[in-house]
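Here is how the chains run, residue by residue.
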Amino acid sequence: MATIKHTAGRMALSTGIDYAIKRVQKDPVNGLLDMVEMIEKYMPSTKHDAVYTKTGNAFSNFRRFVEDPSSKWVRYGTSLFTDIDSKVMKSLILNLGYEAGYSGLEKTRTLRDKYQSNFPWIILFDPTSACNMHCTGCWAAEYGHTKSLTYQQMDDIVNQGKELGTYFYMMTGGEPLVRKADIVRLARDHKDCTFGIFTNGTLVDEKFCDDMKEVGNIFLNISLEGFSEENDSRRGEGNFDMVLKAMDMLKAKKLLYGTSICYTSKNYKSVVSDDFLDLLIEKGCKFSWYFHYMPVGNNASPDLLLTPNQRAYMYKRIREIREMDNPKQIFPLDFQNDGEFVHGCIAGGKNYLHINANGDVEPCVFIHYSTANIKEVSLLESLQQPLFKAYYKNQAFNENHLRPCPMLENPGFLAKMVKESGAKSTDLESPEDVDHLCGKCTEYAKEWAPVANELWNTSQKVKAEKLAAREAEAKSFAQDA
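- Naming follows an unreviewed UniProt entry, where the chain appears as Radical SAM protein of Sphaerochaeta halotolerans.

Following this line, the structure appears as structure tokens:
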């Protein structure tokens, strides 16, 4: 239940955002600085800030980028407020920033301390296991196509989540947009939450775009695996053209969206190539999730796993794209290789969990084992299940956060936790023994370890040097003052 102070803060921030958006559109640098000042006023830095450091928090770090008018991030930030509908951007700041990133995060961290267990910042759930496609290597295909959560069950998940401080929800599947009407209804009924949808994009139409614009708190992550040859070989003939059509609609309606890209040993270079990025940017894409292929399911092929050198290429290329002097105005995130920025594995409720279409509460969208079902126990009780407790006790699984996963890079951990917790496979079609799953990762983990250690040691050295330089700069500034 929101307090009067909290509600008043949201209302005041809402009014300020309206002014700030207009300022950004007219005077990008000063407008963005005004935006930061205003947000900091209502969301002061806390010890839980994801990028809090000894020499600066999220706000001071952002100012360093904004104060340079030639910075690509100034141009990128400005584009968010000129290319995206103002209502959508306002909702994003209020819900993802104020509710989830500030107020909600404080609550989840307080509960973590109280219960000595994980509480999620994000909840992923599957409205349905049904899908109009069957893509090679898709973990969701293993679930079958007959299960769905009712609207009441989805609504209950969100209501329970908000009580625990979770205001950010993502939907996977199956294909979530099979349930477009219920998704829009849910977003309308929970205007204080943000809903991100992972979709194949083929069911995006004009009406749904209009509905998204009306509610303001839905954004899409559209699956794409490269240009037409690579993409359609995995996702079906004609899919590439259908996705581009959906992107054109979203751009025309000024809606926020990104891509969801599974990179494998076959497509890894293509999906981070300059030509591919230019296409995404031209189509209005603002961010891109990159997911390392996971050999989940009895029929999953380990051949699609990357070699150590291929994964190292992805590690370096994603960082190169994000560099200030790289002209690509898109923000890429690498779920696996960015582990160093979120302190390793974030599953098991540490930052997120997954609820499948049958109601099974799983630690990760790629880890299909559980001892709790949301149809039978509460979300709070689900977070106390033995498997989640094991995650809390053992995270981050490895001091090298480029080796974060208890399955992919540390396969012994997952097998041990599943067996000791009594968790069962939640795969509805072909239950996979945990030893079989982890066995597909053993050689991969062994080969990746020395490369990951070299990258990690280099990264930590550079980070230490930057920290020392900032501390010296801050000390010099204090002395001059």
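## Structural notes on the sheet that holds strand β1 (residues 122–125)
Argument step 1. Judged by pairing direction, the sheet is mixed, and its 9 strands sit side by side in the order β7-β6-β5-β4-β3-β2-β1-β8-β9 without closing on themselves. Since the sheet does not close on itself, it has two edges, and those belong to β7 (331–334) and β9 (361–362), each with one partner.
Argument step 2. As defined by bridge partners, strand β5 (residues 257–263) adjoins strand β6 (residues 287–292) across 6 bridges and the pair is classed as parallel. Note on β6: the bridge partner recorded for Cys262 is Phe291.

## Some thoughts on the domain arrangement of the chain
Argument step 1. For the chain, the assigned domains are domain 1 (4–83) and domain 2 (104–394).
Argument step 2. The straight-line distance from the C-alpha centre of domain 1 to that of domain 2 is 26 Å.
Argument step 3. The interface of domain 1 with domain 2 comprises 14 residues on the first partner and 18 residues on the second.
Argument step 4. Of the roughly 1,400 Å² buried where domain 1 meets domain 2, counting both sides, 52% is carbon and sulfur surface.
Argument step 5. Scanning the region where domain 1 abuts domain 2 turns up 1 salt bridge.
Argument step 6. A salt bridge links Lys286 to Asp83, with the shortest nitrogen-to-oxygen separation between them at 2.8 Å.
Argument step 7. Where domain 1 touches domain 2, the interface holds 9 residue pairs in polar contact (both at pLDDT 80 or more).
Argument step 8. In terms of residue count, helix α4 (residues 72–83) provides more of the side of domain 1 that touches domain 2 than any other element does, 8 residues in total.
Argument step 9. Along the lines of polarity and charge, the residues of the side of domain 1 that touches domain 2 split into 5 nonpolar, 5 polar and 4 charged.

## A word on the pairing of strand β3 (residues 194–199)
Argument step 1. Here β3 lies mainly inside the structure; 6 of its 6 residues are buried.
Argument step 2. Neither face of β3 is exposed, since Thr194, Gly196 and Phe198 on one face and Phe195, Ile197 and Thr199 on the opposite face are all buried.
Argument step 3. Note that strand β2 (residues 168–171) and β3 share 4 bridges and pair parallel. Residue pairing for β3: Met170 is matched across the bridge by Gly196.
Argument step 4. Each parallel crossover has a hand, and for β2 linked through helix α7 (residues 180–189) to β3 it is right-handed.

## What to know about a nonpolar patch on the surface
Argument step 1. Together, Phe62, Phe65 and Met324 make up a nonpolar patch on the protein surface, roughly 240 Å² of accessible area in all.
Argument step 2. The topology assignment puts Phe65 in helix α3 (residues 58–66).
Argument step 3. Judged by its relative accessible area of 35%, Phe65 is partly exposed.

## Side note on the pairing of β5
Argument step 1. Of all 7 residues in β5, 7 are buried, a share of seventy percent or more.
Argument step 2. In β5, alternate side chains face the same way, and those of Tyr257, Thr259, Ile261 and Tyr263 on one face and Gly258, Ser260 and Cys262 on the other are all buried.
Argument step 3. Looking at chain direction, strand β4 (residues 218–223) and β5 are connected through 4 bridges and run parallel. Across the sheet, Asn221 pairs through a bridge with Gly258, a residue of β5.
Argument step 4. Chirality of the crossover, the property in question, places the unit of β5, helix α11 (residues 274–282) and β6 among those that are right-handed.

## Looking at the side chain of Ser260
Argument step 1. Inspection of the secondary structure puts Ser260 in strand β5.
Argument step 2. Among residues more than four places away in sequence, those in contact with Ser260 are Phe198, Asn221, Ile222, Ser223, Leu224, Trp289 and Phe291.

Basis of the calculations
- Residues numbered from 1 in each chain as written.
- Predicted model: local features only at pLDDT ≥ 70, side-chain atom pairs only at ≥ 80, totals over all residues.
- Heavy atoms only, no water.
- Pairing = 2+ DSSP bridges.
- Helix = DSSP H or I, 4+ residues; strand = E, 2+ residues; numbered from the N terminus.
- Domains from an automatic or database assignment.
- Contact = heavy atoms within 4.5 Å.
- Buried area = accessible area lost by both parts, 1.4 Å probe.
- Salt bridge = Lys/Arg side-chain N within 4 Å of Asp/Glu carboxyl O.
- Polar contact = N/O pair within 3.5 Å; in protein donor to acceptor, adjacent residues only side chain to side chain.
- Nonpolar A, V, L, I, M, F, W, Y, C, P; charged D, E, K, R; others polar.
- Buried < 20%, exposed > 50% of the residue type's maximum accessible area, 1.4 Å probe, protein only.
- Right-handed = clockwise from strand over helix to strand, strands pointing away.
- Patch = residues over 30% accessible without salt bridge, like charges linked within 9 Å, V, L, I, M, F, W, Y side chains within 5 Å.
- Areas by Shrake-Rupley, 256 points an atom, 1.4 Å probe, with all protein chains shown as cover.

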